[in-house]
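As a plain string of letters, each chain reads:
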Amino acid sequence: MRKTKILPWTEDWGKLYKQEEKVLKEIFKVELIDIFHIGSTSISTIGYAKPIIDILIVVKDIEKIDLYNGEMQVLGYEPKGENGIVGRRYFPKGKENRTHHLHIFQVGNDHINSHLDFKEYLLKNPVEAKKYGELKIKLAKHFPNEHHKYQDGKQQFVNELADKAKKWASQRRFSY
């Protein structure tokens, strides 16, 4: 059973991302278009996060990503296929003590901009980010051994933030 562990934000998460970015760029270099650090560990203004580095990779052809499953397993990643999101390839690393979540999408997939807009919105709106961090702490205290309840508890708030981010980002010029 996965426990819900929330820690104060640290610059170390950015360093861990950079280390993993180098390795992943080398593996996916033929298909890679871009790579990003996403999720709460990439947003200092949230203040707290599960110590899991979320990584978003944009690729040319999502179907070819399955060919890399063996290499990813050697690195400790578990290939999960779409894992509930059509057009995605998902690779968690670390089994019960997860360290990374890798989300791979083909260029043009709407989920790419959703993730990037969410991050940018919270970076530019620190009050909203702080509220999100406070909710994470509250839920983690209530559900330390029931990760699914922690996730369920924050889902409505995350959906509201995602809607705000989408509206806010509609002014952006660049998109994948």
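Residues numbered from 1 in each chain as written. Predicted model: local features only at pLDDT ≥ 70, side-chain atom pairs only at ≥ 80, totals over all residues. Heavy atoms only, no water.

Draft legend 1. Broad picture of the environment of Glu146. Its place among the elements puts Glu146 in the loop between helix 4 (126-142) and helix 5 (147-169). Residue Glu146 is classed as partly exposed on the basis of its relative accessible area, which comes to 29%. (Helix = DSSP H or I, 4+ residues; strand = E, 2+ residues; numbered from the N terminus. Buried < 20%, exposed > 50% of the residue type's maximum accessible area, 1.4 Å probe, protein only.)

Draft legend 2. Fine view of the layout of surface pockets. If you add up the space inside the largest pocket, you get close to 1,200 Å³. In this structure, the largest pocket is lined by 42 residues; those nearest its centre are His103, His115, Phe118, Gln155 and Val158. Taken together, the elements giving at least two residues each to the lining of the largest pocket come down to strand 5 (88-93), strand 6 (100-106), helix 3 (110-124), helix 4 and helix 5. Looking at the lining of the largest pocket element by element, the count peaks at eleven residues for helix 5. Of the residues contributing to the lining of the largest pocket, the split by class is 14 nonpolar, 16 polar and twelve charged. (1 Å grid on protein atoms, 1.4 Å probe; cavity = no way out; pocket = protein on both sides within 12 Å on 5 of 7 lines; lining within 4 Å. Points joined across faces, edges and corners; volume = space filled by probe spheres on them. Nonpolar A, V, L, I, M, F, W, Y, C, P; charged D, E, K, R; others polar.)

Draft legend 3. Structural view of the sheet that holds strand 4 (residues 53-59). Strand order across the open sheet formed by four strands is 2-4-6-5, with mixed pairing between neighbours. Only two strands of the sheet have a single neighbouring strand rather than two, namely strand 2 (32-38) and strand 5. Mean inter-strand twist for the sheet, computed between neighbouring axes without regard to direction, equals 15°. Inspection of the sheet shows strand 4 paired to strand 6 by seven bridges, in the parallel sense. (Pairing = 2+ DSSP bridges. Axes fitted to C-alpha atoms, helices over the stretch in contact; angles between N-to-C directions.)

Draft legend 4. Looking closely at unusual backbone geometry. Backbone geometry at Asn83 places phi at a positive 50°, although glycine is not the residue there. Among the secondary structure elements, Asn83 is positioned in the loop between helix 2 (69-74) and strand 5. By relative accessible area, Asn83 is classed as partly exposed at 42%. One non-glycine residue, Lys95, lies in the positive phi region at around 50°. By relative accessible area, Lys95 is classed as exposed at 63%.

Draft legend 5. Local environment of the nonpolar core. In terms of nonpolar packing, the biggest core is built from 20 residues, with Leu24, Phe28, Ile55, Ile57, Met72, Leu102 and Ile104 touching the most fellow members. Where this core is concerned, the elements lending two or more residues are helix 1 (12-27), strand 2, strand 4 and strand 6. Apart from residues lying up to four places away in sequence, Ile104 is in contact with Phe28, Ile57, Val59, Ile62, Ile65, Gly87, Arg88, Arg89 and Phe91. In terms of nonpolar packing, the next biggest core, distinct from the first, is built from ten residues, Phe118, Ala129, Tyr132 and Ala165 among them. (Core = buried A, V, L, I, M, F, W, Y, C linked by side-chain atoms within 4.5 Å. Contact = heavy atoms within 4.5 Å.)

Draft legend 6. Structural detail: the packing of aromatic side chains. Using the criterion set out here, one finds four aromatic pairs in the structure. Ring geometry for Phe118 versus Tyr132: centroids 6.3 Å apart, planes at 90°, classification edge-to-face. One end of the pair, Phe118, is in helix 3; the other, Tyr132, is in helix 4, with 14 residues separating them in the sequence. For the pair formed by Phe118 and Tyr132, the shared burial category is buried. Pairwise contacts between aromatic rings join Phe118, Tyr132 and Phe157 into one cluster. (Phe/Tyr/Trp six-rings, centres within 6.5 Å; stacked < 30°, edge-to-face > 60°.)

Draft legend 7. Region of the structure containing the packing of helix 3 against helix 5. Running from amino to carboxyl end, helix 3 crosses helix 5 at an angle of 90°, the nearest separation of the two axes being 8 Å. What the angle tells us is that helix 3 and helix 5 run roughly perpendicular. Contacts between helix 3 and helix 5 involve Asp117, Phe118, Glu120, Tyr121, Leu122 and Lys124 on the former and, on the latter, Val158, Leu161, Ala162, Lys164, Ala165, Trp168 and Ala169. Within the contact of helix 3 with helix 5, the residues separate by chemical class into nine nonpolar, no polar and four charged. (Parallel < 35°, antiparallel > 145°, perpendicular 65-115°, else oblique.)

Draft legend 8. Looking closely at helix 4. Taking 1.5 Å per residue, 17 residues should reach 24 Å; helix 4 reaches 24 Å between its end C-alpha atoms and fits that length. Residues of helix 4 that are buried in the fold lie against strand 3 (48-49), helix 3 and helix 5. (Expected span 1.5 Å × (residues − 1).)

None of this, on its own, says anything about what the molecule does.
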